[in-house]
Amino acid sequence: MNGSIVEILQIVILIGLAPAFAGWIKVVKCRMQGRTSPGLFRPYRDLAKLFSKDIVLAENASWIFRFTPYLVFGTVIIAGAVVPMLSTNLPLSLTADAIVLVGLFGIARFFTALAGMDIGTAFGGMGSSREMMVASLAEPAMLMAIFTVSLLCGSTSLSGIAGTVSGAGFIAKPSLAFAFFAFVLIALAENGRIPVDNPATHLELTMLHEAMILEYSGRHLALIEWAGMMKLFLFMAIGSALFFPFGIDAADNISGIPQAFVFLVVKLGAAGVVLVLIETGLAKMRLFRLTEFLGSAFLMATLGMLSFFILE
Amino acid sequence: MDLQTAAQINSFLAAFVLLTAFGMLAQKRIYSLIHLFAWQGFFLSINTAIVAYVAGKHHLYISSVLTLSLKVIALPYILHILVVKLKIRKEVETMVNIPTTMLIGIALVIFSYYLTAPVTELSRLITRSTIAVALATVMIGLLMMITRKKAVTQIIGFLAMENGLFFAATSATYGMPLVVELGVALDVLIAAFIFGIFFFHIHTTFDSLDVEQMTRLKEGD
């Protein structure tokens, strides 16, 4: 019973706080670059504005185009129910492990790519092809990183991993460090952050993710953008669950939840600052350099797995 | 520091040595390559000091200091001067493209793991698990020597290989006798000087450090 309450609470936090997290990143980034920030609540106002606008739909848009925003939003919420943010005691985490999680993101990406090509504009197709290129390199690396941590903990369930890593008697291992670095690189690629994609630009030649969703408007665009913010939030939560699961409540009671919530906010705040530091320090890579970037993520994850067998 | 912690730190440092080896394989700029080489020596030297402390072998402290002074300070400095003097500005040129080289590198790590597995079974030292990493470092150094076109990067590959050998000695037998280590250290230093002289000669003869030019070194042509 408690488990389901926590589950619902988690989804509410994910939906409610994701725009604030995106706003936080913007605020820190503006501070760091000496600009005036639009404020923490700008993303909420943006979403509200988009929801109140009408949808402009292309004549030849098929059901895929109209269906995709809802699907993307839905898959991210399901993923949010699996990731232990507040408590490891989640009823749904038994049904879906880390591999399913990667699959969920895969479905969302697949449909976004289809929707990008659905209208038939050049930008959409270009964006889809680029996104799929990045995905084909990022997903194996992501799985490899998760497998490394799973080997270490003897479980592919995120709750199980978080429980083992935060448990007493767990010592830091080299393979965990490798997996963490790989995960950081992949999180940058998956969320379209700076060395891979620039989330702030709509310049035709450089955009990846934005090119796919160029044709969306109104509440469709709002849903997709919201899902994007939630995905970023979720990746930070996955990172914290896999590598820094301190403060995540393990017991089956409600009383530990406020403390876990404070820990979550602090960890996400810190993660946001680190993300901004990475984004400010690096420049966007050329598209064809991305194979090297993601190749090194794959290499790190593989080295982590090898060092698990060799050194431990 | 008990044995468990020492083994833990040891394996972390081994992982870093392997990581720097791969970093050198992936690095395209010559200055960063030299820095990575210095870092590898640094991890190696700390690792040796820890092994010396745990095993109570005092001569390993000397090896550790030698590594620090030679491979972290002296050799990178000499290489740096060489690169400046020879005006090498270009990026590192490779025969095989870098992602493929990395994949071969991973294969080499797996190969050395299988190769050293029986040795590891026999050993009772706390550092036994790092033998595979040491061998892999040697192999990656060799790979670097094979796949690079320019002489300077080949020499860095050679020195990285020497790092791997030193690491293997430390992890397999708690280091070689002091006389041998002193001899090797001196050899490497002398080698670096000789390489330097060779570089200048190659450079003045061919106007380039590309070793492919050396196929022109035939009589009668």
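This is a predicted model, so every value here is computed, not measured.

Conventions used here
- Residues numbered from 1 in each chain as written.
- Chains lettered and ligands numbered in written order.
- Predicted model: local features only at pLDDT ≥ 70, side-chain atom pairs only at ≥ 80, totals over all residues.
- Helix = DSSP H or I, 4+ residues; strand = E, 2+ residues; numbered from the N terminus.
- Buried ≥ 20, exposed ≤ 12 C-beta atoms within 10 Å, placed from the backbone.
- Contact = placed C-beta atoms within 7 Å.
- Rg over C-alpha atoms; globule rule 2.2 N^0.38 Å.
- Nonpolar A, V, L, I, M, F, W, Y, C, P; charged D, E, K, R; others polar.
- Core = buried A, V, L, I, M, F, W, Y, C linked by C-beta atoms within 7 Å.
- Axes fitted to C-alpha atoms, helices over the stretch in contact; angles between N-to-C directions.
- Parallel < 35°, antiparallel > 145°, perpendicular 65-115°, else oblique.
- Expected span 1.5 Å × (residues − 1).
- pLDDT = per-residue confidence, 0-100.

Summarise the overall build of chain A; cite the residues concerned and give the values.
If you tally the helices and strands in chain A, you get eleven helices and zero strands. Starting at the N terminus and walking to the C terminus, you meet the elements of chain A as α-α-α-α-α-α-α-α-α-α-α. Based on the C-alpha atoms only, the size of chain A along its principal axes is roughly 60 × 45 × 40 Å. In chain A, which comprises 312 residues, the share counted as buried stands at 48%. Of all intrachain contacts in chain A linking residues separated by at least 6 positions in sequence, the fraction that spans at least 24 positions is 81%.

Outline the overall build of chain B, supporting the account with residue identities and numerical values.
Counting secondary structure elements, chain B contains seven helices and zero strands. Ordered by position from the N terminus, the helices and strands of chain B form the series α-α-α-α-α-α-α. Taken over C-alpha atoms, the radius of gyration comes to 18 Å for chain B, in line with the 17 Å a tight globule of 221 residues would show. Each principal axis of the C-alpha distribution contributes one length, and for chain B these read about 60 × 35 × 30 Å. Relative to all contacts within chain B whose residues are 6 or more apart in sequence, the contacts with residues 24 or more apart total 74%.

Please provide a residue-by-residue account of the interface of chain A and chain B, values included.
Taken residue by residue, the interface counts 15 residues in chain A and 20 residues in chain B. Contributions of two or more residues to the side of chain A that touches chain B are made by α7 (174–190) and α11 (290–311) of chain A. With twelve residues, the top contributor of residues to the side of chain A that touches chain B is α11 of chain A. A per-class count over the side of chain A that touches chain B returns nine nonpolar, five polar and one charged.

Now, about the nonpolar core: what can you tell me, with residues and values included?
Judged by nonpolar contacts, the single largest core of 148 residues is most densely connected at Ala141, Ala145, Ala182, Ile186, Phe233 and Ala301 of chain A. Formed by five residues, the second largest nonpolar core is a distinct cluster that contains Ile50, Ala52, Val54 and Leu60 of chain B.

Can you lay out the environment of Met207 of chain A for me, pointing to particular residues and giving the numbers?
Residue and element names in this part refer to chain A. Summarising the element assignment, Met207 is placed in the loop between α7 and α8 (209–212). A count of 21 C-beta atoms within 10 Å places Met207 in the buried class. The spacing of Met207 and Gly192 is 15 residues in sequence and 9.2 Å in space, taken between C-alpha atoms. Each residue touching Met207, except ones within four places of it in the same chain, is listed here: Gly127, Asp197, Thr201 and His202.

Tell me about the packing of helix α1 (residues 2–32) of chain A against helix α2 (residues 42–52) of chain A, and name the residues and values.
All names here are of chain A. Orientation of α1 relative to α2, taken along the N-to-C sense of each, is 125°, at an axis distance of 7 Å. Judged by the inter-axis angle, α1 sits oblique to α2. Where α1 abuts α2, its residues Pro19, Ala22, Gly23 and Lys26 lie against Arg42, Pro43, Tyr44 and Leu47. Here the contact of α1 with α2 is built from residues that sort into five nonpolar, one polar and two charged.

So what's going on with the packing of helix α2 (residues 30–55) of chain B against helix α3 (residues 59–85) of chain B? Which residues, and what values?
Residues and elements named next belong to chain B. Orientation of α2 relative to α3, taken along the N-to-C sense of each, is 175°, at an axis distance of 7 Å. One element, α2, and the other, α3, form an angle in the roughly antiparallel class. Between α2 and α3, the residues in contact are Ile30, Ile34, Phe37, Ala38, Gly41, Phe42, Leu44, Ser45, Thr48, Ala49, Val51 and Ala52 and Leu60, Tyr61, Ser63, Ser64, Thr67, Leu68, Lys71, Val72, Pro76, Leu79, His80 and Val83, respectively.

So what's going on with the environment of Val6 of chain A? Residues and values would help.
All names here are of chain A. Within the fold, Val6 resides in helix α1. Linking Val6 and Val72, residues 66 residues apart in sequence, is a C-alpha distance of 23 Å. Setting aside anything within four residues of it in sequence, one finds Val6 in contact with Leu86, Ser87, Asn89, Leu90 and Ile257.

So, helix α5 (residues 131–147) of chain B: which residues are in play, and what are the values?
For α5 of chain B, spanning 17 residues, the distance from its first C-alpha to its last is 24 Å, which sits close to the expected 24 Å at 1.5 Å a residue. Within α5 of chain B, 14 of the 17 residues are buried, leaving the element largely enclosed by the surrounding structure.

Could you give me a rundown of the confidence of the model for chain A, with the residues and numbers involved?
Averaged over all residues, the pLDDT of chain A equals 88, while 98% of them reach at least 70. The spread of mean pLDDT over the elements of chain A runs between helix α6 (residues 158–166) of chain A, the lowest at 84, and α2 of chain A, the highest at 94.

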